[in-house]
Amino acid sequence: MWTLKGASNALKDVSSLFIANFAPSSANRNPEIEAAVIKATNHNNSRVDYRSAQLLFAWIRVSGHYIRPVMSALTTRMEKTRSWTVALKGLMLLHGVFTCKVPAVQKIGRLPFDLSNFKDRKPNMFQQEAFIRSYYTYLNKKSAFMMKHSDDRKEGTLRRGIKERPKQWTMMQHLAWLENLQGLLDMLLEIKPQGEKMKNVLVLEAMNCIMLEIYDIYSRICNGIAAVLVRLYSIGKTEAGMAFSILQKASTQAEVLSRYIDFCRDFGVTKASESPKIVHIRKDDIQQLEQIINRASSPQKAEQLIPSEEDKPTMPVEDSVVIKKPET
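None of these values were measured; they are calculated from a predicted model.

Caption draft 1: Local environment of the packing of helix 2 (residues 31-40) against helix 3 (residues 50-62). Following both chains from N to C, one finds helix 2 and helix 3 inclined at 140 degrees, their axes separated by 8 Å at the closest point. In terms of orientation, helix 2 lies oblique with respect to helix 3. For the element pair helix 2 and helix 3, the recorded crossing hand is left-handed. In this structure, helix 2 contributes Glu32, Ile33, Ala36, Val37, Lys39 and Ala40 to the contact, and helix 3 contributes Ser52, Ala53, Leu55, Leu56 and Trp59.

Below is the structure:
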């Protein structure tokens, strides 16, 4: 039975490759790219075709013009499939595309395909379907976020979408950026395999991608909060309120993230075992910060707003993640 199923799936991939080879070339279609997308998103759930994926990434890095045929081929593949294996490989491929540092990737915006209601052709695949939907929801949100912030590049305020904040930002812009990152982290933590049936090569590889994304987003949140703490004594009442909410959420997310990493480690996700220590913000620090916010929010003289060295809130160094300094 399994042999027949595997043969049937392999035949589908071969048929798709045959059709792609005879597809006419245009700005949105490239037979070689279509073939690489099909190979990278094949029906085999026991292996990942890294070679085809890397070939696509190389094309995109050579020229941003290749993003159009890549996204066109991937959209066609995702819209037709009712296989969770193909859908997951497609999402992993898209996740890899996002790491290609070319301006065209920042311009994708909302994804051209929709897997928010994905259903596998086989019954009782609820766990796999939920995994696909949550992964898709995150990537769709991230793509829109990157496009929103890449628009600021036209005014010279942002360099790499989600990757870097601008050199010069108002405190309000900086806090809004942090809130968006925290929202993305919440979505990432919703991507979670359930049940032993999902413990296979493909899902574990997808979770490795998720873990790396989590470390990246969380480190940027930590860097952002550190920058807020440095400037906290000089901000206004509205900004102070936002900063306090962000710090409270960061404290909650640190707890949730710690449990998530423990779960992934027990599940067998390799990258979970390589996780740095997570920043846990102490209640005393939050209370201390609240006192400084109250002072910053009241009409006092400038010198009264500046806290002493003892009053300044700090991130606990002994439990902190290893964070790279953003490029300037």
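Next comes the rest of the write-up.
Caption draft 2: Spotlight on a positive patch on the surface. On the surface, a cluster of positive charge is contributed by Lys12, Arg82, Arg121 and Lys122. With respect to the helices and strands, the residue Arg82 is situated in the loop between helix 4 (67-80) and helix 5 (84-98). For Arg82, a relative accessible area of 43% puts it in the partly exposed group.

Caption draft 3: Region of interest: the pattern of salt bridges. Taken as a whole, this structure holds six salt bridges when the rule is applied. In this structure, Lys142 engages Glu213 in a salt bridge whose closest nitrogen and oxygen atoms are separated by 2.7 Å. Here the residue Lys142 occupies a position in helix 7 (residues 126-150), and Glu213 occupies one in helix 9 (residues 201-231), the gap between them amounting to 71 residues. Judged on exposure class, the residue Lys142 and its partner Glu213 are both buried.

Quick notes on the rules
- Residues numbered from 1 in each chain as written.
- Predicted model: local features only at pLDDT ≥ 70, side-chain atom pairs only at ≥ 80, totals over all residues.
- Heavy atoms only, no water.
- Axes fitted to C-alpha atoms, helices over the stretch in contact; angles between N-to-C directions.
- Helix = DSSP H or I, 4+ residues; strand = E, 2+ residues; numbered from the N terminus.
- Parallel < 35°, antiparallel > 145°, perpendicular 65-115°, else oblique.
- Left-handed = near helix turned anticlockwise from the far one by under 90°.
- Contact = heavy atoms within 4.5 Å.
- Patch = residues over 30% accessible without salt bridge, like charges linked within 9 Å, V, L, I, M, F, W, Y side chains within 5 Å.
- Areas by Shrake-Rupley, 256 points an atom, 1.4 Å probe, with all protein chains shown as cover.
- Salt bridge = Lys/Arg side-chain N within 4 Å of Asp/Glu carboxyl O.
- Lys, Arg positive; Asp, Glu negative; His and termini not counted.
- Charge placed at Lys NZ, Arg CZ, Asp CG, Glu CD.
- Buried < 20%, exposed > 50% of the residue type's maximum accessible area, 1.4 Å probe, protein only.

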